[in-house]
Amino acid sequence: MSTTASIIHVSELTKIFKVPEREPGLRAAAKSLIRRKTRDVHAVEGISFDIEPGEVVGFLGPNGAGKTTTLKMLSGLLYPTSGEARVLGHIPSRREKDYLRRMTMVMGNRNQLQWDLPALDSFELNRAIYRLRRADYVAMRDELVELLDVGDLVRKPVRNLSLGERMKVEIVGSLLHRPLVLFLDEPTIGLDVTMQKRIRTFVADYNERHGATVLLTSHYMADVEALCKRVIVIHHGRILFDGDLSSLGNEFAAYKTIGVVLEDGDARLDDYGEIVDRDGDRITLRVPKADTSRVAARLLSDHEVLDLTIEEPPIEDVIEMVFAQSR
Amino acid sequence: MSSQATPLPEEGRLRSLVDFYGTMMRTSVVSQLQYRVAQYFYMLGMVAEPVIYLVVWTTIARQHGGAVNGITVGQFAAYYIVWTLVRNMNIVFGAPFWEWRIREGRLAGDLLRPLNILHYDLAFFAGWKFVVVALWIPIAVGLSAVFHPDLHPSALEIVVFVAAIWGAYFVRSMFQATIGMLNFWTTRGAAVFDLYMATEMLLSGRLVPLKLMPGWVQTLADFLPFKWTFGFPIESLVGSLSTRSLLLGLGAQVMWTVIGYVLFTFAWRAAIKRFSAVGA
């Protein structure tokens, strides 16, 4: 999928960490003084992808899959062991100021604002760091404050804000310089459902308004479904899938679900597939993907059917299947 | 998508840097004012060190007929009261705190910003000075009322002193930052930091005025950075240094700042490569 228009180009990118290790006990400790044993951990192994300007891409994988390591290589925090990464035409590991001024990385569990001061003071500091003209800064700040509805929060000391409130003002601070590329690492982690939704809406609005390119990692599939047409699934440092979110199910899901409401609510349906849910008159069956049409036809011919729907399995289940197939 | 992404225009480099220093210093002042009482207790605790030195040397001077090696009781008082200001001025982002910066993930955040990391620390602690100096004034008045310093500086000495306390700040910042790079290789750098601080105590004029040290120690101190962060700024106000010595002292501070910066830059490049190799 490599094209010259790519804003993010990754080719055979690899990161190997050397991790010291030794057995427990005094003898092993003494031995390690003479000869230190290390083990190579292959966090990312030869991944390649391209992202076009304005795309919002979900980067999915279980803990330790290599998502954050990849994001850190793309933002310049980590040197790759081998391979190539280019973002906005820059090699991230060089950490050129022109590059850093055009990107941002938001880490859901990190706080970069001045803890004891209102967020407005930190915003002002970011204005100076990113060399923004005052008029541009004020316009951008006000736009972000309005989009995230944090007008009442930015005057309170950051230490007095809740986790969700802090995340919102953190995002405002990270975007004041209007970055062209956003690396969002678990931006909704630990937030309640309402707050997650607000941040999702905001990311979509920001992408729409400014044409920014977004690479997002999240364990909440709702984030991914709401924001990303395309997903990259990574596991054990390797890419397992790169494509439309909608085609992920077709490729990896081994089954579909059939929801059915019958005239005869007591009819036995065990022969048609695995019953996974019974909600009032509605019964949900799990059937092998290849048998879906046949089972649906049998249901229609054998019973008085009031309603019947065929659905892809929930995306969480599909992702689990992807990981399960890669083990 | 409604618009193609375009970056915001930027201000000029130098103007932005001045703007950053002004903004960061203001931020630092506001931040320190949040904890005024804690700051004052910290200052009082810090004053204990020179007061102990002062009481000891005053007692010794009195037992020796009012002076030790030509330094009178009043000159000891002047030395250690000025010491308290110099000490406040040369407090910098200390070497051991780099470990905190790495461990808490602050460094990763700082690395994502388009500014040399030294600027953050220099600007933040420069702002902090304005708060501590304001808090120091009543303490200095109190100490003067008790110990009666013999202090009669000329206009030139005052001007050089003002420059020298900032020079001391820059020299100490560079060397503490350079030593701080050790944290990228070990989490047990405390032994090295302690050795560095002990050497500084002896060779800077912090523990004892250098005039009371053996000649070879004084010569050694001339060729190391420590003296220019304590002894020289104090002597520039309370001593009777010639104009040439005053100007040479300022020149030495500039030289050690440049040497410290070069050392830091080399150490930083290696450190950041290591940081980026092992994880952020």
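Residues numbered from 1 in each chain as written. Chains lettered and ligands numbered in written order. Predicted model: local features only at pLDDT ≥ 70, side-chain atom pairs only at ≥ 80, totals over all residues. Heavy atoms only, no water.

K.L.:
Kindly report on the overall build of chain A, identifying the contributing residues and their values.
P.N.:
Helix and strand counts for chain A stand at eleven helices and 13 strands. Projected onto its principal axes, the C-alpha positions of chain A cover 70 × 60 × 45 Å. Every one of the 327 residues in chain A was classed for burial, and the buried ones make up 52%. For chain A, contacts bridging at least 24 residues in sequence account for 72% of all contacts bridging at least 6. Per element, the accessible surface of chain A, about 15,300 Å² overall, is 47% carbon and sulfur. Looking at charge distribution, chain A has the averaged site of its 45 positive side-chain charges lying 12 Å from that of its 50 negative ones. (Helix = DSSP H or I, 4+ residues; strand = E, 2+ residues; numbered from the N terminus. Buried < 20%, exposed > 50% of the residue type's maximum accessible area, 1.4 Å probe, protein only. Contact = heavy atoms within 4.5 Å. Areas by Shrake-Rupley, 256 points an atom, 1.4 Å probe, with all protein chains shown as cover. Lys, Arg positive; Asp, Glu negative; His and termini not counted. Charge placed at Lys NZ, Arg CZ, Asp CG, Glu CD.)

K.L.:
I'd love a proper account of the packing of aromatic side chains, names of residues and values included.
P.N.:
Inspection of the entire model under this criterion finds 26 aromatic pairs over all chains. Taken together, a centroid distance of 5.5 Å and an interplanar angle of 50° make the contact between Y169 of chain B and F170 of chain B tilted. Given the relative accessible area of 1%, Y169 of chain B is considered buried. Among the aromatic residues, those joined into a ring-pair cluster are Y42, F93, F97, W98, F124, F125, W128, F184, F264 and W268 of chain B. Positioned above the aromatic ring of Y79 of chain A, the side-chain terminus of K273 of chain B is 5.7 Å from the ring centre. (Phe/Tyr/Trp six-rings, centres within 6.5 Å; stacked < 30°, edge-to-face > 60°. Lys NZ or Arg CZ within 6 Å of the ring centre and 35° of its normal.)

K.L.:
Outline the domain arrangement of chain A, supporting the account with residue identities and numerical values.
P.N.:
It is common to report an interface's size as the accessible area lost on association of the parts. The domain boundaries assigned to chain A delineate domain 1 (8–249) and domain 2 (254–311). For domain 1 of chain A and domain 2 of chain A, the distance between their C-alpha centres works out to 43 Å. (Domains from an automatic or database assignment.)

K.L.:
Pulling in residues and values, what's your account of helix α2 (residues 67–75) of chain A?
P.N.:
Residues and elements named next belong to chain A. Most of α2 sits out of view: eight of its nine residues are buried. For α2, the complete set of buried residues consists of K67, T69, T70, L71, K72, M73, L74 and S75. Looking at the residues trailing α2, positive phi occurs at G76, about 95°.

K.L.:
Explain the environment of S245 of chain B residue by residue, including any values.
P.N.:
Residue and element names in this part refer to chain B. Checked against the element boundaries, S245 lands in helix α11 (residues 243–278). Sequence spacing of S245 and F232 is 13 residues, and the spatial spacing of their C-alpha atoms is 9.6 Å. Polar contacts involving the side chain of S245 include one to the side chain of S242, which spans 3.0 Å. (Polar contact = N/O pair within 3.5 Å; in protein donor to acceptor, adjacent residues only side chain to side chain.)

K.L.:
Describe in detail the nonpolar core, supporting the description with residues and values.
P.N.:
In terms of nonpolar packing, the biggest core is built from 172 residues, with I8, F49, F183 and L248 of chain A together with W98 and W268 of chain B touching the most fellow members. The leading source of residues in this core is helix α6 (residues 117–147) of chain B, at 17 residues. If we skip the residues at most four places from it in the chain, F49 of chain A touches I8, H9, V10, F59, T70, L74, L215, R230, I232, I239 and D242 of chain A. Counting twelve residues, the second-largest nonpolar core is a separate cluster that includes V260, L262, L269 and I283 of chain A. (Core = buried A, V, L, I, M, F, W, Y, C linked by side-chain atoms within 4.5 Å.)

K.L.:
For unusual backbone geometry, give the residues involved together with the corresponding values.
P.N.:
Glycine aside, the phi torsion of most residues is negative, and most peptide linkages are trans. Although it is not a glycine, H236 of chain A adopts a positive phi angle of roughly 50°. Judged by its relative accessible area of 49%, H236 of chain A is partly exposed.

K.L.:
Just give me the short version of a nonpolar patch on the surface, but keep the residues and values in it.
P.N.:
Residues and elements named next belong to chain B. Taken together, the side chains of V254, V258, Y261, V262 and F266 present a nonpolar region at the surface, about 490 Å² in accessible area. You can see V258 is positioned in helix α11. On the basis of relative accessibility, which here comes to 49%, the residue V258 falls in the partly exposed class. (Patch = residues over 30% accessible without salt bridge, like charges linked within 9 Å, V, L, I, M, F, W, Y side chains within 5 Å. Salt bridge = Lys/Arg side-chain N within 4 Å of Asp/Glu carboxyl O.)

K.L.:
Hey, could you go over the packing of helix α5 (residues 134–148) of chain A against helix α7 (residues 193–210) of chain A for me, with residue numbers and the actual values?
P.N.:
Residues and elements named next belong to chain A. For the pair α5 and α7, the least separation of the axes is 9 Å and the interaxial angle reads 140°. As judged from the angle between their axes, α5 and α7 are oblique. With respect to the hand of their crossing, α5 and α7 are arranged in right-handed fashion. Mapping the contact onto sequence places M140, E143, L144, L147 and L148 in α5 and R198, F202, D205, Y206, R209 and H210 in α7. A class-by-class count of the residues in the contact of α5 with α7 yields six nonpolar, one polar and four charged. (Axes fitted to C-alpha atoms, helices over the stretch in contact; angles between N-to-C directions. Parallel < 35°, antiparallel > 145°, perpendicular 65-115°, else oblique. Left-handed = near helix turned anticlockwise from the far one by under 90°. Nonpolar A, V, L, I, M, F, W, Y, C, P; charged D, E, K, R; others polar.)

K.L.:
Just give me the short version of the interface of chain B and chain A, but keep the residues and values in it.
P.N.:
Taken together, the contacts link 45 residues of chain B with 48 residues of chain A. For the chain B and chain A pair, buried surface summed over both sides reaches about 4,300 Å², with 54% attributable to carbon and sulfur atoms. For chain B, the biggest contributors to the area lost against chain A are L8, L112 and P114 of chain B; these three give 18% of the whole. Here R127 of chain A ties to D19 of chain B by a salt bridge, and the two come within 2.7 Å at their closest N and O atoms. The interface formed by chain B and chain A includes eight residue pairs in polar contact (both at pLDDT 80 or more). When residues of the side of chain B that touches chain A are traced back to their parent elements, those giving at least two are α1 (13–33), α5 (106–111) and α11 of chain B. (Buried area = accessible area lost by both parts, 1.4 Å probe.)

K.L.:
Requested: an account of the sheet that holds strand β5 (residues 103–107) of chain A, with residues and values cited.
P.N.:
Backbone hydrogen bonds hold the strands of a sheet together, and the pairing may be parallel or antiparallel. All names here are of chain A. Strand order in the open sheet formed by six strands is β5-β6-β7-β3-β8-β9, and the pairing between neighbours is mixed. Only two strands of the sheet have a single partner each, and these edge strands are β5 and β9 (238–244). Going across the sheet, the axis of each strand differs from the next one's by a mean of 15°, ignoring polarity. Pairing of strand β3 (residues 56–60) with strand β8 (residues 230–235), which is carried by four bridges, proceeds in the parallel orientation. From the neighbouring strand, F59 faces β8, where its bridge partner is I232. (Pairing = 2+ DSSP bridges.)

K.L.:
Residues and numbers for the pattern of salt bridges, please.
P.N.:
Residues and elements named next belong to chain A. Applying the stated criterion across every chain yields a total of 29 salt bridges over all chains. The salt bridge involving R134 is made with E124; its shortest N-O contact spans 2.6 Å. Of this pair, R134 sits in helix α5 while E124 sits in helix α4 (residues 119–129), and the two are ten residues apart along the sequence. Salt-bridge contacts for D223 lead to R200; the nearest nitrogen and oxygen are separated by 2.5 Å.

K.L.:
Tell me about the environment of M181 of chain B, and name the residues and values.
P.N.:
Residue and element names in this part refer to chain B. Summarising the element assignment, M181 is placed in the loop between α7 (155–180) and α8 (190–203). Counting along the chain gives 149 residues from M181 to Q32, while the straight-line C-alpha distance between them is 26 Å. The contacts of M181, once residues within four sequence positions are left out, are W98, F264, A267, W268 and A271.

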